[in-house]
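# Summary of the model geometry
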Amino acid sequence: MLRLRSKSQVPLKRYKSDLRVLYHYLVDSNKSVPEINIPLIISYIEWCNQTEKTYCVNDIIHTTRAFIKYLCKNNLIEDTREEVWMSVLKPKKKMVKIPSVYTTEEVERIITIPDRSNPTGKRDYAMVLLAARYGLRVSDIISLQFKNIDWENNLIKNLSDKNRSPIITSSF
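## Re the packing of helix α5 (residues 104-111) against helix α6 (residues 119-134)
It is the contact of α5 with α6, at a shortest axis distance of 9 Å, that shows an interaxial angle of 160°. The angle between α5 and α6 falls in the class roughly antiparallel. Here α5 and α6 pass one another in a crossing that is left-handed. Contacts between α5 and α6 involve V107, E108, I110 and I111 from the former and Y125, V128, L129, A132 and R133 from the latter.

## Describing a nonpolar patch on the surface
There is a patch of nonpolar side chains on the surface, built from Y102, I110 and I113 and spanning about 300 Å² of accessible area. Note that Y102 resides in the loop between α4 (82-88) and α5.

## Digging into the packing of aromatic side chains
The way to describe two aromatic rings as a pair is by their centre distance and the angle between their planes. A full pass over the atoms with the stated rule returns three aromatic pairs. Pairing Y25 with Y44 gives two aromatic rings, centres 5.2 Å apart and planes at 55°, and the pair type is tilted. Placement of the pair is Y25 in helix α1 (residues 9-28) and Y44 in helix α2 (residues 38-51), with a sequence separation of 19 residues. Neither residue differs from the other here; Y25 and Y44 are each classed as buried. Exposure remark for Y25: the relative accessible area of 11% places this residue in the buried category. The ring centre of Y125 lies 4.1 Å from the NZ or CZ of R116, which sits over that ring.

Analysis parameters
Residues numbered from 1 in each chain as written. Predicted model: local features only at pLDDT ≥ 70, side-chain atom pairs only at ≥ 80, totals over all residues. Heavy atoms only, no water. Axes fitted to C-alpha atoms, helices over the stretch in contact; angles between N-to-C directions. Helix = DSSP H or I, 4+ residues; strand = E, 2+ residues; numbered from the N terminus. Parallel < 35°, antiparallel > 145°, perpendicular 65-115°, else oblique. Left-handed = near helix turned anticlockwise from the far one by under 90°. Contact = heavy atoms within 4.5 Å. Patch = residues over 30% accessible without salt bridge, like charges linked within 9 Å, V, L, I, M, F, W, Y side chains within 5 Å. Areas by Shrake-Rupley, 256 points an atom, 1.4 Å probe, with all protein chains shown as cover. Salt bridge = Lys/Arg side-chain N within 4 Å of Asp/Glu carboxyl O. Phe/Tyr/Trp six-rings, centres within 6.5 Å; stacked < 30°, edge-to-face > 60°. Buried < 20%, exposed > 50% of the residue type's maximum accessible area, 1.4 Å probe, protein only. Lys NZ or Arg CZ within 6 Å of the ring centre and 35° of its normal.

In structure tokens, the structure reads:
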């Protein structure tokens, strides 16, 4: 039995889902786990590329790599050359990382996006400003209430949803 190291339920669900995709591919190909070989896995990845989104394919490849390592270490497949398998099972495309820091110009462009001619746009604009100007997290912005605003002293007082520490922003 394959035991996964992760304690989080989200990766476990993803691994199960990814392995289910492989299982169905094997069934459709009339193959079993001991019959897994490099040409079959290459065909499987090509099939995934045609039927799945890029980020899903990368997840599937990641999970398949872990599964193949397990099969090799336990001699459950004929070809146990792990290094060869890993060279075949490389993610096809790199995921584009979201920048951790935006330039001032990028922030200003983001602030101009909400349409302030309607109530929803005004709300969105206020939320973007709170994030951009004061560095509030989305969870903190969502939890804000009118009682958190000290109108007389121009302060916003709240507890961080992440670590329950006080958040106090001034000069709004």
